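Listed below are the residues making up each chain.
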Amino acid sequence: MNVEEKRKFESLVALSLSTLAAIFGLFWLVFILGDVLIHGMSALKLSLFTHDPTPPGVTGGGLRNAFMGQLLITVVATLIGVPVGVLGGTFLAEYARGTRIAQLVSILSDIMVSVPSIVIGTFIYAILVKPVGHFNGWAGSVALAVIMIPVVLRTTEDMLSLVPWTLREAAFALGAPYYKVITQVVYRGAATGILTGILLSIARVAGETAPLLFTSFNNSFFSTEMKGPIASLTVSIFQYAMGPYDEWHQQAWAASFMITAVILVITILGRLIIRWRYK
Amino acid sequence: MPILQRKNPVDLSFSLITAFASFTVVLLISGIFVVLVRESSLSIGKFGVLKFLTSTEWNPVTESFGAATAIYGTFITTGIALIIAIPAAIGIAVFITEISPNFLKAPIGVAIELLAAIPSIIYGMWGLFTLAPIMSRYIEPALKSSIGKVPLLGTLFQGTPMGIDILTASVILSIMIIPFTASIARDAFNLTPAVVKESAYSVGATKWEVVKDVVLPYSKLGVFGGIALSLGRALGETMAVAFVLGNNHQITSSLLNAAATITVTLANEFTEADTDMYLSSLFYLALVLFVLSFIVLAIAKYFLLRAERKYSR
Amino acid sequence: MKRIILLVVISVVTFSFSLAGAEEILNGAGASFPYPVYSAWAYDYYKATGAKLNYQSIGSGGGIRQIANRTVDFGASDAPLTPAQLNKDNLLQFPAVMGGVVLVVNMPGVKAGAVRLDSEAVCKVYLGNIKYWDDAKLKTLNPKMKLPHNEITVVHRSDGSGTTAIFTNYLSGACSDWKARVGAGTSVKWPVGIGGKGNEGVSQYVKKAQYSIGYVEFAYAEQNKLAYTLLKNSAGNFVEPSFNAFEDAAATGNFDPKKHFDHWLVNAPGKHAWPIAGATFILLAKDKKDSSVKSVRFFDWAFKNGDAKAKELIYVPLPKSLKDKIRAYWKANGIY
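Residues numbered from 1 in each chain as written. Chains lettered and ligands numbered in written order. Predicted model: local features only at pLDDT ≥ 70, side-chain atom pairs only at ≥ 80, totals over all residues. Heavy atoms only, no water.

### Quick look at the overall build of chain B
Link 1 in the chain: For chain B, the count of helices and strands is 11 helices and two strands.
Link 2 in the chain: The order of helices and strands in chain B, counted from the N terminus, is α-α-β-β-α-α-α-α-α-α-α-α-α.
Link 3 in the chain: Once the C-alpha set of chain B is aligned to its principal axes, its extents read approximately 70 × 65 × 30 Å.
Link 4 in the chain: Across the 313 residues in chain B, those meeting the buried criterion constitute 60%.
Link 5 in the chain: Intrachain contacts of chain B at a sequence separation of at least 6 include 71% that bridge at least 24 residues.
Link 6 in the chain: Counting every atom, chain B has about 12,200 Å² of accessible surface; 69% of that belongs to carbon and sulfur.
Link 7 in the chain: On chain B, the mean spot of the 20 positive side-chain charges and the mean spot of the 18 negative ones are 10 Å from each other. (Helix = DSSP H or I, 4+ residues; strand = E, 2+ residues; numbered from the N terminus. Buried < 20%, exposed > 50% of the residue type's maximum accessible area, 1.4 Å probe, protein only. Contact = heavy atoms within 4.5 Å. Areas by Shrake-Rupley, 256 points an atom, 1.4 Å probe, with all protein chains shown as cover. Lys, Arg positive; Asp, Glu negative; His and termini not counted. Charge placed at Lys NZ, Arg CZ, Asp CG, Glu CD.)

Here you go:
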């Protein structure tokens, strides 16, 4: 084998390995989703969405309360977490770019991502539940928002940093103030990335159980009152999966399937919207 | 660029708002730190720092607690997960940017990112009900009877293959962190200027040589960033491993044994901890994880900044 | 996009406030073991009286802390608190329902009730002193069985749990070696074995691993069709786990209202008593009288109307004598 052939062979091997890696990744995706699909679909019933929980032995129970509660908690968390995260990331990547403050906040955010979520739940418990004297939905939302903030903040920072500096200079040259440059030029350039970050963060918190356990608690009854305990899918899954009854396991699988499906649909939809918007 | 734009009032208020938003992170993290220290003070007072970190005893009955076993479990699962995930993730990024036909690039990219979208409790349930039986029935016996017989390396694969062990937990962790490294590496690869790549091709470089000698060095920064993010994520992952690690406080050389990570200990024992000292020690563990993440990420950041200085411009 | 966000904000906020404060819910939290039966009672209670009771399983430790912090109307714990602990947090305590912990085995061809064990054997298996099924000790207990020479896979809980507390209290009470080397608690430093998360996890492992032994709540053994063993009780009889055996344990168990019913229902003296039973407890705040009265009203209703439901879910209702003691205790504390 001469040098030329050896190089070509090496390239072939490396590229085949890369292809294998891609297949490896896709394999797990299909495997996991397929498994959840099979378990979930067989347990999926209309009553899951239209009825509130019944105790074991009484058929026809559903998780209407948990679907509603999960939606409320997640939406409120997103409304708190996303603006804070995006604005904070903007500060790091724009106004404070390259400063020590930016580096420090950035490192702190990276660390916050790995704080166990149960600890965040405890933290929020200490500041929003114990002083109030009862569990409440707001506390759950804030706990999820706290998890979201560093994720959104860091992706925003990264994505804004990827927008070429020359683009800003061009806008400055036209006499635009910095905030206009940011909102009209930089954000536009980094929108795809930021949105991905937001979606990833929603996906991250939508599946969280531990921070809700001691904040929004759970509620066996239908309730949209954020001032009191409110149901969530994840806590319900957690409780049902641990119980001894087949019916509960079925509902836990169906709920898992729904959570996964919704999260995946959001992710894919987000992608499609971006593609459509920027084509 | 000055941090506060004083010339324009709108600009000034906008910069103040963003500054405040980023400051919430500092506020939250110090808040969490204060809460952690306050809650663990009882345990810190009893066990001190060095004794807690080096003691392998975790005995709720005698109220004697040490973090060494949990720290060991955290490091070994994270380490093995990274060993599996990093090559796979870089391979995926290379595939998407350099090999895949154009119409497949987006779908495969999205598909890999979907792996990150699956909630960790789903990974946990899937791990317990589906992956663990496969590991115990097929993969682990195979590993035991092949590599397990090799001296030295074989110590990694001893014991009963139950499927609830370090290996299974690491595999699940690695699947979870692949998309983080992969998507960031892909974005970084894409930033490599086409001109540079094309000039390499024009002098007769093979595709692999372009990746190895042009794209990878150029995008090192991003790849490191992705790995750092994965590492951070893996250190703090709870639910996915809680179901399949077995929560056994021991230091073991075999990957087929159960172990405990800091997060798994918290998930398994936090809600049932009945004495103050027990609960306080669990908070102490959380504090250790917090500091551990801090150090790991600070080191990662240090390298990133050095790399940045070296490669920028 | 902005308009959509605004719309969502407005609708969420109005939604949340328009419905706020409409009705009162009694909140309880704690032990996960009685969660199914409390939620079933609450469902029937709502249908019968229109009063809502929301019970959530967050773990006994969580339940104790929530009532100590007064964030719930009542707490629940699988492990009784000592009078000293109760006084410290100004709490009242009474048992609400019972369950039994059973040992389950997985051996080919072995059916429920086939294997006979005594506390010494269980203790030695869990200490790792008995390693094989054909150990001499097990052979003398089961003279008619053909026990195989296979290693015993010991399964225990990996998470902290009331079930473990009941089981380890049984071992500590019956076996001095265990008491000295391991002790009793919601989680202990196990000498041998593998850990499963929750009753579910232990059931899964025992089902999967041949020649294994584990301990689970009776309901899980029934639901998962696991082969439970017979146990020798303090009276020297081999008993089968059943409602009667659990009830006999409760009737002969020494629950003392003066000690706030602080008692582990293990190794009860009754002739037919199952040796590993346990009550699960309700904790009330003395200073939250209104909450306590409402909680008591619920449990009084459940004591009167909930026995059948409890049995259906494989829980053991309290015997009448104990219920009367509890009612007297309520009255004495001015909440009944």
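After that view, the rundown keeps rolling.
### Considering the overall build of chain C
Link 1 in the chain: Helices and strands together make up the secondary structure of chain C, namely 14 helices and 12 strands.
Link 2 in the chain: Scaling as 2.2 N^0.38, a compact globule of 336 residues should have a C-alpha radius of gyration of about 20 Å, and chain C matches this with 22 Å.
Link 3 in the chain: Expressed along its principal axes, the backbone C-alpha trace of chain C runs to roughly 70 × 60 × 35 Å.
Link 4 in the chain: For chain C, the proportion of its 336 residues judged to be buried stands at 60%.
Link 5 in the chain: Within chain C, residue pairs in contact and separated by at least 24 positions form 73% of the contacts whose partners lie at least 6 positions apart.
Link 6 in the chain: Taking the 40 positively charged and 27 negatively charged side chains of chain C as two groups, their mean positions are separated by 1 Å. (Rg over C-alpha atoms; globule rule 2.2 N^0.38 Å.)

### Remarks on the interface of chain B and chain A
Link 1 in the chain: Counting residues at the interface gives 83 residues for chain B and 84 residues for chain A.
Link 2 in the chain: Interface area for chain B against chain A, summed over the two sides, is near 7,300 Å², with a carbon-plus-sulfur share of 81%.
Link 3 in the chain: Where K212 of chain B meets E10 of chain A, a salt bridge forms, and the shortest distance between an N and an O atom there is 4.0 Å.
Link 4 in the chain: One can count seven residue pairs in polar contact (both at pLDDT 80 or more) joining chain B with chain A.
Link 5 in the chain: Looking at the side of chain B that touches chain A, the elements that each hand over two or more residues are α1 (9-47), α3 (68-99), α4 (102-117), α5 (120-146), α6 (166-191), α8 (207-236), α10 (262-269) and α11 (276-311) of chain B.
Link 6 in the chain: Here the element with the most residues in the side of chain B that touches chain A is α1 of chain B; it accounts for 19 residues.
Link 7 in the chain: Among the residues forming the side of chain B that touches chain A, the class breakdown is 57 nonpolar, 16 polar and 10 charged. (Buried area = accessible area lost by both parts, 1.4 Å probe. Salt bridge = Lys/Arg side-chain N within 4 Å of Asp/Glu carboxyl O. Polar contact = N/O pair within 3.5 Å; in protein donor to acceptor, adjacent residues only side chain to side chain. Nonpolar A, V, L, I, M, F, W, Y, C, P; charged D, E, K, R; others polar.)

### Some remarks on the interface of chain B and chain C
How big an interface is tends to be stated in terms of accessible area lost as the parts join.
Link 1 in the chain: The interface of chain B with chain C comprises 24 residues on the first partner and 29 residues on the second.
Link 2 in the chain: Here chain B meets chain C over a buried area of about 2,200 Å², counting both sides, of which 50% is carbon and sulfur.
Link 3 in the chain: Counting across the chain B and chain C interface gives one salt bridge.
Link 4 in the chain: Remark: the boundary between chain B and chain C carries six residue pairs in polar contact (both at pLDDT 80 or more).
Link 5 in the chain: Listed by contribution, the elements that provide at least two residues to the side of chain B that touches chain C are β1 (58-59), α10 and α11 of chain B.
Link 6 in the chain: Among the residues making up the side of chain B that touches chain C, the classes are represented as 13 nonpolar, six polar and five charged.

### Focus: the state of the cysteines
Residue and element names in this part refer to chain C.
Link 1 in the chain: The final tally for this structure, using the stated rule, is one disulfide over all chains.
Link 2 in the chain: The disulfide partner of C123 is C175, and the S-S distance across this bridge is 2.0 Å. Judged by the sign of its S-S torsion, about -50°, the bond between C123 and C175 is left-handed. Highlighted residues: C123 in helix α5 (residues 119-127) and C175 in the loop between α7 (162-174) and α8 (176-181), separated in sequence by 52 residues. Of the two residues examined, C123 and C175, each falls in the buried class. (Disulfide = S-S within 2.5 Å.)

### Remarks on the pairing of strand β3 (residues 74-77) of chain C
Side-chain direction in a regular strand flips from residue to residue, so the side chains alternate between the two faces of the sheet.
Residues and elements named next belong to chain C.
Link 1 in the chain: Residues F74 and A76 line one face of β3 and the alternating positions G75 and S77 line the opposite face, and both faces are buried.
Link 2 in the chain: Examined bridge by bridge, strand β1 (residues 25-30) and β3 share three bridges and lie parallel to one another. Residue pairing across strands places G28 opposite F74, the latter belonging to β3.
Link 3 in the chain: Of the pairings in the sheet, the one linking β3 to strand β12 (residues 277-285) comprises four bridges and is antiparallel in character. Paired with F74 across the two strands is L284, which belongs to β12. (Pairing = 2+ DSSP bridges.)

### Looking at empty space enclosed by the protein
The gaps of empty space that remain are located by a probe, the size of a water molecule, rolled over the atoms.
Link 1 in the chain: Counted under the stated rule, the structure contains four cavities of 30 Å³ or more.
Link 2 in the chain: Empty space within the largest cavity amounts to approximately 490 Å³.
Link 3 in the chain: Around the largest cavity, the lining comprises 34 residues; the ones closest to its centre are F238 and M242 of chain A, T271 of chain B together with S32 and D159 of chain C.
Link 4 in the chain: At three residues, the largest contribution of residues to the lining of the largest cavity is made by helix α10 (residues 233-242) of chain A.
Link 5 in the chain: Residues of the lining of the largest cavity, tallied by class, amount to 13 nonpolar, 16 polar and five charged.
Link 6 in the chain: Taken as a whole, the second largest cavity holds about 70 Å³ of empty space. (1 Å grid on protein atoms, 1.4 Å probe; cavity = no way out; pocket = protein on both sides within 12 Å on 5 of 7 lines; lining within 4 Å. Points joined across faces, edges and corners; volume = space filled by probe spheres on them.)

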